[in-house]
Amino acid sequence: MSSARVVVPAAADERVLRRRAALGSFVGTTIEWYDYYLYGTAAALVFAPLFFPQVGGAVGVVAAFATYAVGFVARPLGGAVAGHLGDRLGRKKVLVASLLLMGASTALIGLLPTYATIGIAAPVLLVTARLLQGFSAGGEWGGAVLLAVEHAPERRRGLFGAVPQMGSAAGMVLASGGFWLTRTLTTPEQFLSWGWRVPFLASSVLVVVGLLIRLKVTDSPVFSNLRRTGAVARRPVADVLREDARGVLLTSGMRLGQIGGYVLYTVFALNYLTEHVREDGADVGLLAVLVASVLSLATTPLWGLASDRFGRRPVYLFGALLTAVFTGPAFLLLDTGSTVLIVGAVVVAVNLGHDSMYGAQGAFFAEQFPARTRYSGASLGYSIGAVLGGGLTPLVAASLLALAGGAPWLVAGFVSALALLTAACAAAAPETAHRPLDTTTSKNPETVAP
């Protein structure tokens, strides 16, 4: 009886299920990304002196950003495992497990002894915790987006797919705000000694809240129908790589400029502003990220709505091309040292360039794959692109900056190149906004045909 109501719910029940799915996706991804972004902020601000003091200077910063990249390396594995389980067992179960794993690994970071206490074991444990974070993040996104998109009304998939994407902005608000507040309430010595741990440990409370909400969410009606009809894929990862490899490649490519630009302004720029622009550059950078993240709570769903009306591809191309063109001018604005211009540069780059891609991305990626392998395909594309475009960007940028003697133009060229690759992949991807979402077991449904 309860199974039938999930598959064919009454109109009022359907609205309740949709709102609950959207809320569960948003709150869960907020907590996941809060945990994940904490690490990036800490890598830019404190990990070099605390965990890599033996190398110091620019090399220490590169080492700290290398551990940041490690988390991205684990994401495809997390995406593959979560995709297999999500396509086999359901979206909800995997999302609950990913939230628990992310919370545990983040709390572990907050409790880690530093290099001064246990020597080389400190960075080893830090990398281990970061790997667990990456594994969890690789599985979180696909399930959260599918839970929202597969519950969505047909003409609002872009909007519903943007709701879990808002969790990224909300997580960044909490992470940046948490670090800003801690830095404000402590002396520099206190912050370096124990203050930086507080935001990590606070994650435990947020995870409990997220679990209480996420456990009340029903699984997606699309997966429920697949299970009811016995059409669940037995080897979804292998199937999607064999049948929809083009979709995995295109979605991976569409991630490059989107996440590459984002981590440039929200992670790398914090260190760049401190080391090359002004002494309080980290505080100004955190303020800029905080302002842009608050605005993203509004701009991300608006871009999702725009993709419902104008199509996924035009919206995505706008963001990719703007990112490619604006990266150079953005560094000119950062180099002025003006708080207003720094905040303005980050707002344009994030709320126009990044958010237009990110707002359309949830639905666009989900629509590239058939129902039976959708979790696997979307998760793999998202995670592989994250490694190449996001995990390596701070590391490559720090290396290019050192190579250029502190001049940022090689960094700007690198991120612009990523954005142009993303634009090419978006142009090659099929437009799916005004086609029905595939709910069948067809290996090559019409909805993903070029």
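Refer to the structure presented above.
Residues numbered from 1 in each chain as written. Predicted model: local features only at pLDDT ≥ 70, side-chain atom pairs only at ≥ 80, totals over all residues. Heavy atoms only, no water.

A cluster of nonpolar side chains, Leu77, Val81, Leu85 and Leu89, forms an exposed patch at the surface whose accessible area comes to about 320 Å². Relative to the assigned elements, Leu85 resides in helix 5 (residues 75–89). (Patch = residues over 30% accessible without salt bridge, like charges linked within 9 Å, V, L, I, M, F, W, Y side chains within 5 Å. Areas by Shrake-Rupley, 256 points an atom, 1.4 Å probe, with all protein chains shown as cover. Salt bridge = Lys/Arg side-chain N within 4 Å of Asp/Glu carboxyl O. Helix = DSSP H or I, 4+ residues; strand = E, 2+ residues; numbered from the N terminus.)

Moving on, we get to the packing of helix 14 (residues 245–276) against helix 16 (residues 312–335). Two elements in contact, helix 14 and helix 16, have axes whose closest approach is 9 Å; the angle formed by their N-to-C orientations is 15°. The angle between the axes of helix 14 and helix 16 places the two elements in the roughly parallel class. In this structure, helix 14 meets helix 16 at a crossing whose hand is left-handed. Contacts between helix 14 and helix 16 involve Met254, Arg255, Gly257, Gln258, Leu264, Tyr265, Phe268, Tyr272 and Leu273 on the former and, on the latter, Tyr316, Thr323, Phe326, Thr327, Ala330, Phe331, Leu334 and Asp335. Split by residue class, the contact of helix 14 with helix 16 holds 11 nonpolar, 4 polar and 2 charged. (Axes fitted to C-alpha atoms, helices over the stretch in contact; angles between N-to-C directions. Parallel < 35°, antiparallel > 145°, perpendicular 65-115°, else oblique. Left-handed = near helix turned anticlockwise from the far one by under 90°. Contact = heavy atoms within 4.5 Å. Nonpolar A, V, L, I, M, F, W, Y, C, P; charged D, E, K, R; others polar.)

It is worth spelling out the nonpolar core at this point. In this structure, Phe47, Phe51, Trp196 and Phe268 are the most contacted members of the largest nonpolar core, which totals 101 residues. Considering every element that reaches this core, the biggest residue donor is helix 14, with 13 residues. Ignoring anything within four residues of it in the chain, the contact list for Trp196 reads Val46, Phe47, Leu50, Phe51, Ile109, Phe179, Thr182 and Phe191. (Core = buried A, V, L, I, M, F, W, Y, C linked by side-chain atoms within 4.5 Å. Buried < 20%, exposed > 50% of the residue type's maximum accessible area, 1.4 Å probe, protein only.)

Looking now at the side chain of Asp239. Locating Asp239 in the fold gives a position in helix 13 (residues 236–243). Taking relative accessible area as the criterion, Asp239 reaches 6% and is therefore assigned buried. Within the structure, Asp239 has its side chain in polar contact with the side chain of Arg242 (distance 2.8 Å). In contact with Asp239, not counting residues within four places along its chain, are Ala233, Asp244, Arg372 and Thr373. (Polar contact = N/O pair within 3.5 Å; in protein donor to acceptor, adjacent residues only side chain to side chain.)

With that out of the way, let us pick up empty space enclosed by the protein. One pass over the structure, following the stated rule, counts 3 cavities of 30 Å³ or more. Here the largest cavity defines a volume of roughly 80 Å³. As for the largest cavity, its lining consists of 15 residues, of which Tyr37, Arg255, Gln258, Ile259 and Tyr262 are closest to the centre. Per element, the largest residue contribution to the lining of the largest cavity is 5 residues, and it comes from helix 14. Tallied by class, residues from the lining of the largest cavity come to 10 nonpolar, 3 polar and 2 charged. Its volume calculated, the second largest cavity comes out at about 50 Å³. What lines the second largest cavity is simply Gln165, Ser168, Ala169, Tyr262, Ser293, Ser296, Thr300, Val350, His354, Asp355 and Tyr358. (1 Å grid on protein atoms, 1.4 Å probe; cavity = no way out; pocket = protein on both sides within 12 Å on 5 of 7 lines; lining within 4 Å. Points joined across faces, edges and corners; volume = space filled by probe spheres on them.)

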